[in-house]
Amino acid sequence: TQLLEQSPQFLSIQEGENLTVYCNSSSVFSSLQWYRQEPGEGPVLLVTVVTGGEVKKLKRLTFQFGDARKDSSLHITAAQPGDTGLYLCAGESLGSSNTGKLIFGQGTTLQVKP
Amino acid sequence: NAGVMQNPRHLVRRRGQEARLRCSPMKGHSHVYWYRQLPEEGLKFMVYLQKENIIDESGMPKERFSAEFPKEGPSILRIQQVVRGDSAAYFCASSPLRDTEAFFGQGTRLTVV
């Protein structure tokens, strides 16, 4: 069974601080996605990374896919209260017959205090 | 272009009743995925459907749960004889093609009392 382990599970920081969320697995993924989910809402896709070593930036968010495509990280610079939410990584496994089925990590709950 | 529509948003059922969750995919999307999310957890894949076909139901419990995506109308996730452990948020996602970005609906929050 493929698993994605996210760490930390909970993070509470002050506005302006930097943070990194990690997503790790012992399995290789063909692609990895990061979502943000607010209470009572569905996940919203932030980014998809597909190439080992790939780095993508989205304003203050930086996403990296590990060289071996087994892990990923999300770094937020100068966090703002609006960044508060549940961050989920999700991977599409190799050999999943390209069904588009995603395996999700358990999520990181981020709270940014003003 | 409306997003993925799920209804109802909230559903309360007594133990033993049936729950029907509906998902209307985005226009032009023929691939539908259902996921379940327990409180403070990530999403767990349940089933992947195309029009009139179940492609992958490896995440569906063997009993009481079924899903369909008819030629006309929304996809339906049906839970018979609900138990308290079925209480969760159920999300539907749709995509235009296999292995392309899927967009999630807002979910149906099922509470079994």
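In case you missed it, the structure is sitting above this.
Throughout this description, residue numbers start from 1 for each chain and increase along the sequence as written. Labels are handed out in written order, letters beginning with A for the chains and numbers beginning with 1 for the ligands. For this predicted model, a pLDDT threshold of at least 70 governs which residues receive local features, and a threshold of 80 or more governs which side-chain atom pairs are given and counted, while totals over whole chains, interfaces and linings are taken from all residues. To obtain the side-chain values, all non-hydrogen atoms of the structure were included, while hydrogens and water were left out.

Chemist: I keep staring at the interface of chain B and chain A and nothing clicks. Help me out?
Modeler: Reports often express the size of an interface as the amount of accessible area lost when the parts come together. Should any heavy atoms of two residues lie within 4.5 Å, those residues are considered in contact. Contact residues are listed per partner, giving 21 residues for chain B and 21 residues for chain A. The contact between chain B and chain A buries some 1600 Å² in all, and 49% of this surface belongs to carbon and sulfur atoms. Salt bridges, as used here, are contacts in which a Lys or Arg side-chain nitrogen is within 4 Å of a carboxyl oxygen on Asp or Glu. At the junction of chain B and chain A, the tally comes to one salt bridge. Here a polar contact is taken to be a pair of N or O atoms separated by no more than 3.5 Å, where protein atoms must pair a possible hydrogen donor with a possible acceptor and residues adjacent in sequence count only if both atoms sit in side chains. Summed over the shared surface of chain B and chain A, the result is six residue pairs in polar contact (both at pLDDT 80 or more). Helical segments are the DSSP runs of H or I of at least four residues, strand segments are the runs of E of at least two, and each set is numbered from the N terminus. Sorting the residues of the side of chain B that touches chain A by element identifies β4 (31-37) and β5 (43-50) of chain B as the ones contributing at least two each. Each of two parts loses accessible area, computed with a 1.4 Å probe, when they are put together; buried area is these two losses added.

Chemist: Looking at this structure, I do not really get the state of the cysteines. What am I missing?
Modeler: Here is the idea: a disulfide is a covalent bond, and it sits between the sulfur atoms of two cysteines. Residue and element names in this part refer to chain A. Throughout, disulfides are identified as pairs of cysteine sulfur atoms within 2.5 Å of each other. Counted by the stated rule, this structure contains two disulfides over all chains. Paired through a disulfide, C23 and C89 show a sulfur-sulfur distance of 2.0 Å. Here C23 and C89 share a disulfide; its torsion about the S-S bond, 75°, makes the bridge right-handed. With C23 in strand β3 (residues 19-24) and C89 in strand β9 (residues 85-93), this residue pair connects regions lying 66 residues apart in the sequence. Pair check on accessibility: C23 and C89 agree, each one buried. Partly exposed describes any residue whose relative accessible area lies between the buried limit of under 20% and the exposed limit of over 50%, with all areas from a 1.4 Å probe on protein chains only and scaled to the type maximum.

Chemist: I would appreciate a short explanation of the pattern of salt bridges in the present structure.
Modeler: Two side chains carrying opposite charge are able to pair once their charged atoms lie near each other. Scanning the entire structure with this criterion turns up seven salt bridges over all chains. Because the salt bridges share partners, they merge into one network encompassing E18(B), R20(B) and R78(B).

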